[in-house]
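Residue-level listing of the chains:
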Amino acid sequence: MGSIVFRKQPPVKLAFILDPIANLDPCHDTTVAFMEAAQLLGHEVWITTMEQLSVVDHQAWATLQAVQLEPVRLENGLWVAEEHWFRLGERKLLPLTEMNAVFMRTDPPVTSAYLYATYILDLLIPTKTLVLNNPQGIRAANEKLYALRFPTVIPASIITTEKAVARQFIEAKGKAVLKPLGGKAGEGILLIKKGDRNFNSLVEISTKQGKEPVMVQEFLPAAQAGDKRLIVLDGDPIGAVNRIPTGDDFRGNMAVGGRIAQVDITERDREIAATLAPQLRADGLYFVGLDIIGGYVTEVNVTSPTGVREADRLDGVSIGKQVIEWVADR
């Protein structure tokens, strides 16, 4: 990787709401990349979990700990971390108004506890404490359903609990994927072909016996060439990584063994980002991951989009630095 220059900025206080830090992978997790970049830029980095949020005197508070990180290093084209890669300070109950920005980086699924955490974050005034992503925006943007707002850049898709509706769609398209609306990282996604004798059982399992709707989306043959993660900041694409299926699995997600490859940001990618940008900005969805197959958006990831470590490694950049500088400038 080439030398990355970190621009001097007035120090700010940043809080990260995350899963237990000991469970994170410093060589993969985008949240760690953000925290490292903030530390290298001279900012204060604090962490908490959504279970440690409170409301006191009508304000959002959290039990926070300052964190010091040992940054990863690149060796033979791979990130390498120290065994003991973080050190935590003492716990402090503080109003989140003391922070300049709060990053909501808890992994999906969006549970009741997750939703309650976003309601607590609603108490923060955006002009004083920026929340990434905006809690109202997160609630409005189911990562499957949100894409339906942009019909010109998504593949043919329906939402249903009805077997007859799903069957009609699949018979028309020949092949489709079933996606649970609350799934993540490729979990529970099924490929169904016209005439599949398991059709009824697969739809029953996916819809929990007709109680929950699923997305049925046209299968794109281009998926074999990769599922691109386009990393978007304030509506503009700033990085990308390709995730290519391996073995017999049709899914390219990293969590299910997809192979990672360098990929360019194309004019079509920029066109897609420009289509979504006004709505993303209006909803306060500042840092987003768009999943793109064959030039079409299949999902809009808004909770804790990943892919930064991989893009940084392959392209010799620091997307974390770009994001933190953008936040500090605001």
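Look a little higher up for the structure.
This one's a predicted model, so the numbers in the text were calculated from it and none came from an experiment.

Novice: Would you take a moment to explain the sheet that holds strand β11 (residues 157-160) for this structure?
Specialist: Across a sheet, strands are paired by hydrogen bonds formed along the backbone, either parallel or antiparallel in direction. With respect to topology, four strands assemble into an open sheet ordered β11-β14-β12-β13, the strand pairing being antiparallel. A strand with exactly one partner marks an edge of an open sheet, and here the two such strands are β11 and β13 (190-193). On average, adjacent strands in this sheet sit at an angle of 25° to one another, irrespective of strand direction. The pairing of β11 with strand β14 (residues 214-218) spans four bridges and is classified as antiparallel. Considered in β14, the bridge of I159 is made with M215. Contacts from helix α5 (residues 199-206) reach β12 (175-180), β13 and β14 within the one sheet, and its direction differs from that of β13 by about 150°.

Novice: So what exactly am I meant to see when it comes to unusual backbone geometry here?
Specialist: Working note: non-glycine residues mostly have negative phi, and peptide bonds are mostly trans. Between P108 and the following residue, P109, the backbone shows a cis peptide bond with an omega angle of 15°. Here P109 lies in the loop between β9 (101-104) and α2 (112-121). For the bond running from L132 to N133, omega is -5°, close enough to zero to count as cis. Phi is positive for H58, which is not a glycine, with a value near 65°. Phi is positive for D234, close to 50°, though the residue is something other than glycine. Residue placement: D234 occurs in the loop between β15 (227-233) and β16 (236-244).

Novice: What exactly am I supposed to notice about the pattern of salt bridges here?
Specialist: Pairing of side chains with opposite charge becomes possible as their charged atoms draw close. Using the criterion set out here, one finds 18 salt bridges in the structure. Of the charged contacts in the structure, one is a salt bridge between D227 and R243, with a shortest N-O distance of 3.0 Å. Here D227 is found in strand β15, whereas its partner R243 is found in strand β16, with 16 residues between them in sequence. In this structure D227 comes out as buried when scored by relative accessible area, which is 10%.

Novice: Is there a simple way to explain helix α6 (residues 267-282) in this structure?
Specialist: At 3.6 residues per turn, the α-helix brings residues three or four places apart onto the same side. Over its 16 residues, α6 extends 23 Å from the first C-alpha to the last, a length consistent with the 22 Å expected when each residue adds 1.5 Å. Its maximal kink placed at L276, α6 deviates by approximately 40°, while the proline P278 follows within four residues. For α6, the set of buried residues is D269, I272, A273, L276, A277 and L280. G284 lies just past α6 and shows a positive phi near 70°.

Novice: Help me out: how do you make sense of the nonpolar core in this one?
Specialist: Soluble globular proteins tend to pack their nonpolar side chains together in the buried interior. Residues L14, F16, M35, F103, V323, I324 and V327 are the most contacted members of the largest nonpolar core, which totals 34 residues. At six residues, the largest contribution of residues to this core is made by helix α1 (residues 30-40). Excluding anything up to four places from it in sequence, L14 contacts A38, H43, E44, V45, W46, M99, A101, F103, I324 and V327.

Novice: Help me understand the packing of aromatic side chains, please; the structure alone is not making it clear to me.
Specialist: For any two aromatic rings, the description comes down to two numbers: the centre-to-centre distance and the angle of the planes. Applying the stated criterion to the full structure yields six aromatic pairs. When the centroid spacing of 4.8 Å and the interplanar angle of 70° are considered together, the rings of W85 and F86 count as edge-to-face. Under the relative-accessibility criterion, F86 is labelled partly exposed at 24%. Pairing Y146 with F150 gives two aromatic rings, centres 5.6 Å apart and planes at 65°, and the pair type is edge-to-face. Here Y146 matches F150 in class, with each residue buried. Of the aromatic side chains, those joined through ring pairs into one cluster are F16, F34, F103 and F287. Just above the ring of Y296 sits the side chain of R268; from NZ or CZ to the centre is 5.6 Å.

Novice: Help me out: how do you make sense of a nonpolar patch on the surface in this one?
Specialist: On the surface, L145, L148 and I159 cluster together into a nonpolar patch covering about 190 Å² of accessible area. Assignment of secondary structure puts I159 in strand β11.

Cut-off values and rules
Residues numbered from 1 in each chain as written. Predicted model: local features only at pLDDT ≥ 70, side-chain atom pairs only at ≥ 80, totals over all residues. Heavy atoms only, no water. Pairing = 2+ DSSP bridges. Helix = DSSP H or I, 4+ residues; strand = E, 2+ residues; numbered from the N terminus. Axes fitted to C-alpha atoms, helices over the stretch in contact; angles between N-to-C directions. Contact = heavy atoms within 4.5 Å. Salt bridge = Lys/Arg side-chain N within 4 Å of Asp/Glu carboxyl O. Buried < 20%, exposed > 50% of the residue type's maximum accessible area, 1.4 Å probe, protein only. Expected span 1.5 Å × (residues − 1). Bend = angle between axes of the 7 residues up to and from the residue. Core = buried A, V, L, I, M, F, W, Y, C linked by side-chain atoms within 4.5 Å. Phe/Tyr/Trp six-rings, centres within 6.5 Å; stacked < 30°, edge-to-face > 60°. Lys NZ or Arg CZ within 6 Å of the ring centre and 35° of its normal. Patch = residues over 30% accessible without salt bridge, like charges linked within 9 Å, V, L, I, M, F, W, Y side chains within 5 Å. Areas by Shrake-Rupley, 256 points an atom, 1.4 Å probe, with all protein chains shown as cover.

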